[in-house]
Amino acid sequence: GQKTEHRHLFNSTPTVLLPQLSICTFVTSEPLAQSVRQFLSSDRYNLAQFSSLREFLDFVEQHKYQLDCLLLEYNRALLPAINQLYEQGTLLPVVIVHGFSEQSSNPSSTFSNDEAPPEKGIDLYHPAEVLLSAAQVSEIAYFIDRAIAEFIKLSPHCALTHPSGSPNPRTEVTNPDFLMQQQRRLAEKLKERLGYLAVYYKRNPQLFFRHLPRAEKQKLLEKLRLEYRQIILNYFTNNSTLNQEIDEFVNSMFFADLSVSQIVEIHMELMEEFSKQLKLEGRSEEFLLDYRLTLIDIIAHLCEMYRRAIPREL
């Protein structure tokens, strides 16, 4: 039979701001449902999962003033779900996950016609929807935050795409007051949860170092080495651009989701290079120890950026 899981009960009062993000999922693939539970298992999330379309729609209608984001699986059941949400005038942040096969316990790398990735540039629900592939499910928390951020920017007069088969292919938001109320509530909730809000949402997991092709990884590392070399050369001078150079270097590390250990590795390689050069010139390399201050400075900047930019546990 169809499975329905409620991990928490929602408060029925529309004005109450829950400390967690309230996520409602409509997922028919059990492997995907398990992945969602795994990656949204912390206390930051209030999760309600459904595989029954009717139960999902009833729950959304009952709790739409408390829900922070929908998570929908892209399959043959998606359009009927979106059609019903559309008819109800319910507009919420949404992450649409594609690439999970109903016949397999693992994410599928090939798709049937029903499972083919959504076409780029064509909205299924609204212009602020966010697509997530099966290979990116481990990043689901980021995509939920991004979907909420995009939703907050959605215009009350934006054109919506009605599910295929309906007579009117595009129309305006049917309930702009509901949309604006949701946007205000979500904006307040995000302010509670995030530090560097704008910076956090500019991060794109597709540009993270671990996801880059080998050639792009080498190119990025070479850029960082050159930037760090310049910082070292200017660190004990009166160079007025030093702070800007440090900020740019730390930003590059942050947006590539690189760790402190990568900075240490770059530092040690550069110190070894300088040491060899000094030995060839017959000069003392003792002063290179002073550049530990540079390393500590850079690490402190990066750690503070991560600390303030990552959603806080409440």
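Please explain the overall build of the chain as it appears in this structure.
A tally of regular secondary structure across the chain gives 10 helices and eight strands. Looking at the chain alone, contacts between residues at least 24 apart form 76% of all its contacts between residues at least 6 apart. Of the roughly 16300 Å² of accessible surface on the chain, 51% is carried by carbon and sulfur atoms.

Whenever I open this one, the nonpolar core confuses me. Can you help?
Generally speaking, nonpolar side chains in soluble globular proteins are found buried as a group. Counting residues in hydrophobic clusters, the biggest one holds 50 residues, and the most contacted among them are Ile23, Phe56, Leu70 and Ile144. Core analysis: the second largest hydrophobic core is formed by 31 residues, Leu221, Ile232, Tyr235 and Ile299 among them.

Whenever I open this one, the side chain of His267 confuses me. Can you help?
Relative to the helices and strands, His267 resides in helix H9 (residues 260-280). Residue contacts for His267: discarding those within four places in its chain leaves Tyr228, Ile232, Tyr291, Arg292 and Leu295.

Honestly, the pattern of salt bridges in this entry has me stumped. Any pointers?
Side chains bearing opposite charge may pair, as long as their charged atoms lie close to each other. For the structure on display, the rule yields 12 salt bridges. Put simply, Arg210 and Asp257 hold a salt bridge, and the shortest N to O gap is 2.6 Å. Taken together, the residues span a long stretch of sequence, with Arg210 in the loop between helix H6 (197-202) and helix H7 (214-234) and Asp257 in the loop between helix H8 (242-255) and H9 at a distance of 47 residues. The exposure class assigned to Asp257 is partly exposed, which follows from its relative accessible area of 23%. For Glu285, the salt bridge is made with Lys279, and the minimal N-O distance between the two is 3.8 Å. Through salt bridges with shared partners, a single ionic network connects Glu139, Arg210 and Asp257.

Reading guide: rules and limits
Residues numbered from 1 in each chain as written. Predicted model: local features only at pLDDT ≥ 70, side-chain atom pairs only at ≥ 80, totals over all residues. Heavy atoms only, no water. Helix = DSSP H or I, 4+ residues; strand = E, 2+ residues; numbered from the N terminus. Contact = heavy atoms within 4.5 Å. Areas by Shrake-Rupley, 256 points an atom, 1.4 Å probe, with all protein chains shown as cover. Core = buried A, V, L, I, M, F, W, Y, C linked by side-chain atoms within 4.5 Å. Buried < 20%, exposed > 50% of the residue type's maximum accessible area, 1.4 Å probe, protein only. Salt bridge = Lys/Arg side-chain N within 4 Å of Asp/Glu carboxyl O.

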